[in-house]
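Residues per chain are reported as follows:
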Amino acid sequence: MTARLQIIIVVIIVLVLGKIIRMVQKKRLALKYALPWLGVIICLLIADLFPGIVEVMSDWMGIDLPINMLMFLGFGFILILCFVLTLYTSKQTDEIRQLAQEVALLREELEREKKNGIH
Amino acid sequence: MRKLVIIPAYNESGSIVRAVTDIQEHAPEFDYIVVDDCSTDNTWQICREHGYPVLHLPINLGIGGAVQSGYLYALRGGYDVAVQMDGDGQHNARYLNEMARVLQEEQLDMVIGSRFIEKEGFQSSGMRRLGIRIFTVLIKLVTGKTITDATSGMRMCNRDVIECFAKSYPKDYPEPESVVTILKKRKRVRELPVVMNAREAGVSSISPRKSVYFMLKVSLAILLAGIRRK
């Protein structure tokens with residue numbers, strides 16, 4: 001990896017990191033959901049600054065090309081993240097359903113009481 | 001003995017009045033509640049103009065969520081019996097008293113109105129009947145019980161089952177799956193013969209395009225509900 005590429009990657013990572021931190025500060029992104037991304041970005045930063053680590057790791061895992069290990073880890077991370085998001089969606093669908101039902105029941109009760117009040 | 005009819009309605013402005021009038025005439029001792037599943041037509045306005053009690057869902061939940069709202073209403077209102085009846089005019093209220101009598105006398109937990117015991121009236125299309133027969137086989141397989149019309153939306157249940165359904169009810173295409181869940185809890189279910197009509201207005205929730213997905217999803221749901229530990 002050339003020094004130039006290393007620098008380009010560092011710049012991109014710092015920009016993205018700054019953007020995410022800004023979004024958390026502006027409450028557009030909850031810290032809870034930003035954490036896994038911050039974790040990944042910091043891993044990338046370390047890998048970029050110390051390329052030796054990546055080589056040692058891929059050696060240890062028995063993968064010939066370090067890039068293949070990175071692809072593998074990245075793909076695994078995205079799969080896990082997608083699954084976690086599916087879990088959230090499922091849970092939220094359920095919560096939204098309960099809210100909607102509660103709203104409908106309360107509204108009916110309110111209208112009934114209004115009607116009874118007039119009589 | 002307080003009894004409630006739950007009428008789920010999505011865009012049923014053309015038939016809701018007839019459905020409610022049918023109940024008022026043929027089953028006057030039943031209270032009723034229309035569940036308007038956030039219709040895009042004026043179903044809600046029509047109900048309010050006529051003074052029908054109505055649950056208006058602020059977002060469209062689909063048939064499962066709508067019916068479950070009705071069961072929640074039944075639970076909180078302290079009803080002993082609740083019965084589902086579609087708002088599209090397919091079901092006839094004249095069977096309600098007989099269903100309630102059988103439910104009580106035989107101490108059943110659920111009574112389902114079935115089109116396929118005496119095979120009278122609207123029998124649905126050939127493809128649908130085939131699908132329903134497949135459900136019958138699957139349900140027999142996982143519960144050992146025979147349910148001839150698992151997709152019937154006309155079902156009456158006691159307080160026990162009202163509580164079960166208020167707590168958890170399948171989201172879409174809920175009928176067959178919920179019957180299996182109830183049977184698995186060792187509740188007593190019986191079918192009674194009823195005559196249903198072809199729908200008067202509105203559109204069925206299951207288009208031909210969706211029917212493959214429908215069959216797969218419901219079959220899987222029946223099997224999963226069948227092997228689920230309580």
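Placed above this text is the structure.
Computed from a predicted model, the values in this text were never measured in an experiment.

### As for the environment of K167 of chain B
- Tracing the chain through its elements places K167 of chain B in helix α6 (residues 159-167).
- A C-alpha to C-alpha distance of 32 Å links K167 of chain B and E25 of chain B, two positions 142 residues apart in sequence.

### Here we look at the nonpolar core
Residue and element names in this part refer to chain B.
- Of all hydrophobic cores here, the largest spans 43 residues; its most connected members are Y71, I147, F165 and I222.
- Considering each element in turn, this core owes the most residues, six residues, to helix α3 (residues 62-76).
- Here Y71 is in contact with I6, A82, Q84, R155, C157, I162, F165 and A166, once residues within four sequence places are set aside.
- Judged by nonpolar contacts, the second largest core, of 33 residues, contains W44, I46, M99 and M154.

### Some words on the packing of helix α5 (residues 126-143) of chain B against helix α8 (residues 208-227) of chain B
All names here are of chain B.
- Interaxial distance between α5 and α8 falls to 9 Å at its minimum, and their mutual angle equals 15 degrees. By the angle between their directions, the pair α5 and α8 is classed as roughly parallel. In this structure, α5 crosses over α8, and the sense of that crossing is right-handed. Residues G131, I134, F135, L138, I139 and V142 of α5 pack against F214, M215, V218, S219, I222, L223 and G226 of α8.
- A class-by-class count of the residues in the contact of α5 with α8 yields ten nonpolar, three polar and no charged.

### So, a positive patch on the surface
- Positive charge collects at one region of the surface, where K19, R22, K26 and R28 of chain A lie side by side.
- Inspection of the secondary structure assignment puts K26 of chain A in the loop between α1 (3-25) and α2 (31-49).

Conventions adopted
- Residues numbered from 1 in each chain as written.
- Chains lettered and ligands numbered in written order.
- Predicted model: local features only at pLDDT ≥ 70, side-chain atom pairs only at ≥ 80, totals over all residues.
- Heavy atoms only, no water.
- Helix = DSSP H or I, 4+ residues; strand = E, 2+ residues; numbered from the N terminus.
- Core = buried A, V, L, I, M, F, W, Y, C linked by side-chain atoms within 4.5 Å.
- Buried < 20%, exposed > 50% of the residue type's maximum accessible area, 1.4 Å probe, protein only.
- Contact = heavy atoms within 4.5 Å.
- Axes fitted to C-alpha atoms, helices over the stretch in contact; angles between N-to-C directions.
- Parallel < 35°, antiparallel > 145°, perpendicular 65-115°, else oblique.
- Left-handed = near helix turned anticlockwise from the far one by under 90°.
- Nonpolar A, V, L, I, M, F, W, Y, C, P; charged D, E, K, R; others polar.
- Patch = residues over 30% accessible without salt bridge, like charges linked within 9 Å, V, L, I, M, F, W, Y side chains within 5 Å.
- Areas by Shrake-Rupley, 256 points an atom, 1.4 Å probe, with all protein chains shown as cover.
- Salt bridge = Lys/Arg side-chain N within 4 Å of Asp/Glu carboxyl O.
- Lys, Arg positive; Asp, Glu negative; His and termini not counted.
- Charge placed at Lys NZ, Arg CZ, Asp CG, Glu CD.

Everything listed here is a matter of geometry and, on its own, says nothing about what the molecule does.
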